[in-house]
Each structure stands twice: as structure tokens, then as C-alpha cells.
Number of protein chains: 2
Amino acid sequence: MSISVGDILPDASFTKFGENGPEPIDFASLSKGKKLVIFAVPGAYTPTCSSAHMPSFVRTADDFRAKGVDEIICISVNDPFVMDAWGKDTGAHDAGIHVLADAESKFTTAIGMDFSAPPVGLLARSKRYAMVVENGKVTTLQVEESPGECTISAGESLLETL
Amino acid sequence: MSISVGDILPDASFTKFGENGPEPIDFASLSKGKKLVIFAVPGAYTPTCSSAHMPSFVRTADDFRAKGVDEIICISVNDPFVMDAWGKDTGAHDAGIHVLADAESKFTTAIGMDFSAPPVGLLARSKRYAMVVENGKVTTLQVEESPGECTISAGESLLETL
């Protein structure tokens, strides 16, 4: 079953590329008492994610902060090396967006957002969505019908809901 | 059991980023009647792969061709989108190196070269190796003891064996 508005997100551990390489990031420590924006993409370096979805949050990061959002987080089922390179290439690091690797798809699968497209090499990846999370609870959720689309999950669209 | 010198490589299908996106590449069609150099890396955008292993083959690609090698192939358990971006970034495309995605680790696992390092988000990835393959048969094989090393599997080291 997929996550819905009103649900508490499961605890999860992600990997982030730190100064000394990949390191674990505990979701609880990021979310406790905070207002988060989380968006997820099917894959770093895939066309829609690189040319539309990530840029829409790089553009709007400051607007979200002005509306009281504490942290902006991008999640993808990629390894932390790829996520770090992609975070640099897209300007996400410079915009202060946390780029977190859900390499084993544990979080993505736990919230029922996984899909696979083996002919293009995507396995247990994340559907494209954006959500607002307050103290661990989902308060807004926008899931694209197709992972290849980026409309309701784009930064500007989520921003309008706040 | 791992592949050895004298073995015939199993048939396999990889994914390569073509003009219209990811497309399947049949190993048999690449290898039949040809002399190939194949090298494999644990991951696109990981430090040793990007700074040492791939560059060593970009540097030596023409030397291999001068020694009668028909095709130079890099394999990694990544998706084709990441492999294509990495192929651009490292100069592999310009050097005429085929950058093939073994996204489901089918080939890598079939030849017994898979390993996992979950704390850094690497799952069913390929050990680092380089081989010469003639008409599908392995004639030289150099496997690093640790995937983090790049000595005997480097372009220059493999070139010396020819």
C-alpha cells in the first residue's frame, strides 16, 4: 500500500556523500520537529529528473525556505557516488538540497512508491513524487501518474500548496 | 565459480544509451569473430573508477587498436542513463569505448564477479577486472584483489600482456 496524507513516514536510513565518502543519514534525525519538503526521482541522470524535476527545486529552494520549510530533500534509488556527482552537476549541492541515496530501495519500497522498468535498466526505483512532511507526518503528497512526467511534483506546483 | 582463462563468456544482453535512449546490446553480436578488451568497474562516479581505471583505457584505446583489438568495452552494474553521463564526463565516448550497463547484474553474476558493499550503497556490483576475449573466449584475465585497487586491471597493465 502506498503512503497517504496523514501517515507517519517509516524510519529509514539513507546514504549521503560526506567529506570522507558515503555515510549513513538517519531519517528521524532529519525530520524530528521539522518541516521538510521531500521529492523523489526515478534516477539521477535520467532526462526528466535532470532537465525538469531537480531544476524546479533548485529554482524554488529559497521560496520554500521563506515559507518555513527547514530542509529540502531529494531521494533516489541510486548509489551515493552517483547521487553526489549528480548533485554537483545539477546545482543541488549549491542550493542546499540534501541529495540522499536509497540504494537498496528500502524506504521507497516501504512507502509503496517503487516501480521497475527492466528494459531501460531501472529496478525498484522510485516513482516521481513530492511531499511536505511535518514532524514525520505527510501533510501534502503529489505523485505523478507516470514517472516520466514532471507536473504536479515540480517545485513550483508543490510551492503553490503551501 | 568465477570465470577463468580458457572459458567461453556466457551470452548476455547489456543496455547502451543510443540516439533514442537505452537500447539492448547483444554480447554475441559484439564478440563474434572479434578480439575484445573488456574491463569492468564497481561503479560509475566512484573514485577509483573515475580517476584511474577509465582514464587508463581512454589513454591506451589507440594502443589497443594498434595491437589488433577490435572493440574496447567497459561494463558496470549501473543503469544506462548513468553510464552514458559518465561516458561523456570521462571522455570514454570520445575514445570510442563502449560503455555498457549490466543493470540487473546478470552478466556480472553469471561470471562470478559480483560483490556487495551495502554500507556504501553498492549491491551486486562488479569486481574490478580487465580481460582480453577472442571470439568469445577469455585469453587474458586480470582481477584486482580489492575492487578499490586499480593496478593489474589498468589499461597499461593489460596492454603489456598483448
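Note that this is a predicted model, so its numbers are computed, not measured.

What am I meant to see in the packing of aromatic side chains here?
Any pair of aromatic rings gets described here by the distance separating the centres and the angle formed by the planes. Residues and elements named next belong to chain A. Scanning the model with the defined rule gives 13 aromatic pairs over all chains in all. Judged by centre distance (6.3 Å) and plane angle (70°), the ring pair of Phe 14 and Phe 27 falls under edge-to-face. With Phe 14 in strand S1 (residues 13-18) and Phe 27 in helix H1 (residues 27-31), this residue pair connects regions lying 13 residues apart in the sequence. Across the pair, Phe 27 and Phe 14 agree in class, each one buried. Members of the aromatic cluster, each reached through a chain of ring pairs, are Phe 14, Phe 27 and Phe 107.

For this particular structure, what's the right way to read the environment of Ile 38 of chain A?
Residue and element names in this part refer to chain A. Relative to the helices and strands, Ile 38 resides in strand S3 (residues 35-41). Along the primary structure Ile 38 and Tyr 129 are separated by 91 residues, whereas in three dimensions their C-alpha atoms are 8.2 Å apart. The residues touching Ile 38, leaving out its near neighbours within four places in the chain, are Leu 9, Phe 27, Ile 73, Ile 75, Tyr 129, Ala 130, Met 131 and Val 133.

Can you help me understand helix H3 (residues 80-90) of chain B in this one?
Residue and element names in this part refer to chain B. A large share of H3 lies buried, amounting to 9 of its 11 residues. Turning to H3, its buried residues are Pro 80, Phe 81, Val 82, Met 83, Asp 84, Ala 85, Trp 86, Gly 87 and Thr 90. If you check the start of H3, you find a side-chain oxygen 2.9 Å away from the backbone N of Phe 81, and it comes from Asp 79.

Even after reading the chapter, I still don't get the interface of chain B and chain A, so can you show me in this structure?
By convention, interface size is frequently given as the accessible area that disappears when the constituent parts associate. Chain B puts 22 residues into the contact, and the matching count from chain A is 22 residues. The contact between chain B and chain A buries some 1,600 Å² in all, and 68% of this surface belongs to carbon and sulfur atoms. Summed over the three residues of chain B that lose the most area to chain A, namely Tyr 45, Phe 81 and Val 120 of chain B, the buried surface amounts to 31% of that side. Along the contact surface separating chain B from chain A lie 2 salt bridges. For Arg 125 of chain A, the salt bridge is made with Asp 79 of chain B, and the minimal N-O distance between the two is 2.8 Å.

The rules we used
Residues numbered from 1 in each chain as written. Chains lettered and ligands numbered in written order. Predicted model: local features only at pLDDT ≥ 70, side-chain atom pairs only at ≥ 80, totals over all residues. Heavy atoms only, no water. Phe/Tyr/Trp six-rings, centres within 6.5 Å; stacked < 30°, edge-to-face > 60°. Helix = DSSP H or I, 4+ residues; strand = E, 2+ residues; numbered from the N terminus. Buried < 20%, exposed > 50% of the residue type's maximum accessible area, 1.4 Å probe, protein only. Contact = heavy atoms within 4.5 Å. Polar contact = N/O pair within 3.5 Å; in protein donor to acceptor, adjacent residues only side chain to side chain. Buried area = accessible area lost by both parts, 1.4 Å probe. Salt bridge = Lys/Arg side-chain N within 4 Å of Asp/Glu carboxyl O.

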